[in-house]
Amino acid sequence: MSYFLNIDTATEQASVCLSEDDHVLDMLISTDQKNHASFLQPAIQTLVQRTGIQLTQIDAVAVTGGPGSYTGLRVGLASAKGICFTLNKPLIIVNTLEVMAVAALENESTAEAFLICPMIDARRMEVFTAVYDQSLQTIMEPQPMILDQHSFSELLEKQSVLFFGSGAEKLKGILSHAHMRFKNGHHNAGHLARLALKPFADQSFADLAYSEPIYLKAFFDTSGKTKN
């Protein structure tokens, strides 16, 4: 039995949960993307009070490392690192797209073979995306992509693809295919908890000093300047 603190601030919805292995003990969610930073620390303290589990008792901290919101990724990783440094706990970083794929599989029948394509809205017609099978094996590596009428054409000719996430709406407007499926919903820290078990068992931990968010591409502020 292991306790995990799971932090997700990568996209428009932020969440944090305490889990016993992959079982969520309690979770808090915020839908106010502009206030992820002010939500996170009070939420963690609330979870500690409600569950009675102190942060000194946790075995690891897991965080969605990106891709996603530039500010959100920094908020989540900085908080996770701070807790790990202070309490000497290991850090687990999981790709946001893989966490989204776990969420997309919820309540889906596995009788029919299909692929999962999580999408995070980026700028204009661009998304961050990847493709996984139902065992979460990577079919297409995480990458930025500018969507057009030929996107995913080869995959769609072979089998059904389930599109999920904030970027999927962009695809609806430019592409139609019999093998396309769409699903609404959000991932949360509970889905992250499921993916934290394997790296924890393998002791595949992030380097606290050198780990950075998984941006996938350069980010720009409103003046067009690159952010480091």
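The structure this text deals with has already been given above.
Summary of the structure given here. (Residues numbered from 1 in each chain as written. Predicted model: local features only at pLDDT ≥ 70, side-chain atom pairs only at ≥ 80, totals over all residues. Heavy atoms only, no water.)

### Topic: the overall build of the chain
Summing up its helical and strand segments, the chain has 6 helices and 12 strands in all. The C-alpha radius of gyration computed for the chain amounts to 18 Å, which stays within 12% of the reference 17 Å derived for 228 residues, consistent with globular compactness. Across the 228 residues of the chain, 50% fall into the buried class. Measuring between centres, the 17 positive side-chain charges of the chain sit 8 Å from its 24 negative side-chain charges. (Helix = DSSP H or I, 4+ residues; strand = E, 2+ residues; numbered from the N terminus. Rg over C-alpha atoms; globule rule 2.2 N^0.38 Å. Buried < 20%, exposed > 50% of the residue type's maximum accessible area, 1.4 Å probe, protein only. Lys, Arg positive; Asp, Glu negative; His and termini not counted. Charge placed at Lys NZ, Arg CZ, Asp CG, Glu CD.)

### Notes on the side chain of Gln13
In this structure, Gln13 sits in the loop between strand E1 (3–8) and strand E2 (14–20). At a separation of 3.3 Å, a polar atom in the side chain of Gln13 contacts the main-chain carbonyl oxygen of His187. The contact partners of Gln13, leaving out residues within four places of it in the chain, are Asp8, Ile29, Ser30, Thr31, His36, His186, His187 and Asn188. (Polar contact = N/O pair within 3.5 Å; in protein donor to acceptor, adjacent residues only side chain to side chain. Contact = heavy atoms within 4.5 Å.)

### Focus: the pairing of strand E8 (residues 138–146)
Bridge count for strand E7 (residues 126–132) against E8 is 6 bridges, and the pairing is antiparallel. Directly across from Val127, in E8, lies its bridge partner Met145. Between the antiparallel neighbours E7 and E8 lie 5 residues, among them Leu136 with a positive phi of about 65 degrees. (Pairing = 2+ DSSP bridges.)

### What to know about the pairing of E1
For E1, the buried fraction is high: 6 of the 6 residues fall into the buried class. Side chains Tyr3, Leu5 and Ile7 project from E1 onto one buried face, and the interleaved Phe4, Asn6 and Asp8 project onto a second face that is buried too. The pairing of E1 with E2 spans 6 bridges and is classified as antiparallel. When the bridges of E2 are listed, Leu5 appears paired with Leu18.

### A look at a nonpolar patch on the surface
A surface patch of nonpolar side chains, about 260 Å² in accessible area, is lined by Met125, Ile146 and Ile174. Residue position: Met125 is located in the loop between strand E6 (114–121) and E7. (Patch = residues over 30% accessible without salt bridge, like charges linked within 9 Å, V, L, I, M, F, W, Y side chains within 5 Å. Areas by Shrake-Rupley, 256 points an atom, 1.4 Å probe, with all protein chains shown as cover. Salt bridge = Lys/Arg side-chain N within 4 Å of Asp/Glu carboxyl O.)

### Some points on the packing of helix H3 (residues 96–105) against helix H6 (residues 189–201)
At their nearest, the axes of H3 and H6 sit 9 Å apart, and the two run at 110 degrees to each other. The angle between H3 and H6 places the two elements in the roughly perpendicular class. Between H3 and H6, the residues in contact are Glu98, Val99, Val102 and Ala103 and His191, Leu192, Arg194 and Leu195, respectively. By residue class, the composition of the contact of H3 with H6 is 5 nonpolar, 1 polar and 2 charged. (Axes fitted to C-alpha atoms, helices over the stretch in contact; angles between N-to-C directions. Parallel < 35°, antiparallel > 145°, perpendicular 65-115°, else oblique. Nonpolar A, V, L, I, M, F, W, Y, C, P; charged D, E, K, R; others polar.)

### Some details on the environment of Glu212
Assignment of secondary structure puts Glu212 in the loop between H6 and strand E11 (219–220). Spatially, the C-alpha atom of Glu212 lies 9.3 Å from that of Ala78, the residues being 134 residues apart in sequence.

### Describing the packing of aromatic side chains
Within this structure, the stated rule accounts for 5 aromatic pairs. Plain terms: the ring middles of Tyr70 and Tyr215 are 5.6 Å apart, the flat faces sit at 20 degrees to each other, and that makes the pair stacked. A residue pair is termed long-range when its members are at least 10 positions apart, and Tyr70 in helix H2 (residues 70–87) and Tyr215 in the loop between H6 and E11 qualify at 145 residues. Across this residue pair, the class does not change: Tyr70 and Tyr215 are buried. Aromatic pair Phe200 and Phe205: ring centres 6.1 Å apart, planes at 55 degrees, arrangement tilted. Overall, Phe200 belongs to the partly exposed group, its relative accessible area being 22%. Taken together, the ring pairs connect Phe4, Phe200 and Phe205 into an aromatic cluster. Sitting over the ring of Phe182, Lys172 keeps its end group 5.1 Å from the ring centre. Over the aromatic face of Phe114 sits the side chain of Arg181, whose NZ or CZ is 5.1 Å from the ring centroid. (Phe/Tyr/Trp six-rings, centres within 6.5 Å; stacked < 30°, edge-to-face > 60°. Lys NZ or Arg CZ within 6 Å of the ring centre and 35° of its normal.)

### Overview of the packing of helix H1 (residues 36–51) against H2
Contact geometry of H1 with H2 gives a least axis separation of 10 Å together with a crossing angle of 30 degrees. By the criterion of interaxial angle, the relationship of H1 to H2 is roughly parallel. Between H1 and H2 lies a crossing whose hand is right-handed. Where H1 abuts H2, its residues His36, Ala37, Leu40, Gln41 and Ile44 lie against Val75, Gly76, Ser79 and Ile83. (Left-handed = near helix turned anticlockwise from the far one by under 90°.)

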